[in-house]
Amino acid sequence: MERLAGKVRELRTREDLAAFLQLAAEDLAAHPERWENDSLPAFLEAWAAWLNDCPGWFRNNGQEVPESPSWKFVGDMVMAARVYE
C-alpha cells in the first residue's frame with residue numbers, strides 16, 4: 001500500500017497512470033487483504049460512492065474539488081475505491 005500511495009502522488013501523465021494501474025493490479029493480486037473492495041463490482045460501486053462524496057473529502061483536507069480531473073485525481077479515485085464503503 002505504501003508503494004501505491006507514493007506512486008499516486010507522482011502521477012502527472014497518461015503513462016504514469018497506466019503504470020500506476022498496473023501496480024495496483026499487482027498489489028491486489030499479491031495482497032487482496034489490503035483491498036476492502038476486491039471484486040470489480042464492489043470496486044466500481046465504491047468508486048462511484050466516493051466520487052459522489054469527494055467534495056466532503058476535499059473540504060476536510062483543506063482542498064478545492066478539481067474542476068478538471070488530472071491524472072493524479074484519477075489515481076486518487078482508484079486509491080479511495082480500494083477501501084471506501
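Remember, it's a predicted structure, so these values are computed and weren't measured experimentally. (Residues numbered from 1 in each chain as written. Predicted model: local features only at pLDDT ≥ 70, side-chain atom pairs only at ≥ 80, totals over all residues. Heavy atoms only, no water.)

## Focus: the side chain of Asp 27
Okay, step 1: Relative to the helices and strands, Asp 27 resides in helix α2 (residues 14-30).
Okay, step 2: Separated by 2.8 Å, the side chains of Asp 27 and Trp 35 make a polar contact. (Helix = DSSP H or I, 4+ residues; strand = E, 2+ residues; numbered from the N terminus. Polar contact = N/O pair within 3.5 Å; in protein donor to acceptor, adjacent residues only side chain to side chain.)

## Side note on the packing of helix α3 (residues 40-60) against helix α4 (residues 71-83)
Okay, step 1: Between α3 and α4, whose axes approach to 8 Å, the crossing angle comes to 115 degrees. Taken as axis vectors, α3 and α4 run roughly perpendicular relative to one another. As for the relative orientation of α3 and α4, their crossing is right-handed in sense. Touching Phe 43, Ala 46, Trp 47, Trp 50, Leu 51, Cys 54 and Phe 58 of α3 are Phe 73, Met 77, Val 78, Ala 80, Ala 81 and Arg 82, all from α4.
Okay, step 2: Broken down by class, the residue content of the contact of α3 with α4 amounts to 12 nonpolar, no polar and one charged. (Axes fitted to C-alpha atoms, helices over the stretch in contact; angles between N-to-C directions. Parallel < 35°, antiparallel > 145°, perpendicular 65-115°, else oblique. Left-handed = near helix turned anticlockwise from the far one by under 90°. Contact = heavy atoms within 4.5 Å. Nonpolar A, V, L, I, M, F, W, Y, C, P; charged D, E, K, R; others polar.)

## So, α4
Turn by turn, an α-helix covers 3.6 residues, leaving residues three or four places apart pointing in a common direction.
Okay, step 1: The buried fraction of α4 is high, at 10 of 13 residues.
Okay, step 2: Within the span of α4, buried status applies to Phe 73, Val 74, Gly 75, Asp 76, Met 77, Val 78, Met 79, Ala 80, Ala 81 and Arg 82.
Okay, step 3: Contacts from the buried residues of α4 go to α1 (2-8), α2 and α3. (Buried < 20%, exposed > 50% of the residue type's maximum accessible area, 1.4 Å probe, protein only.)

What is shown is where atoms sit, not what they do.
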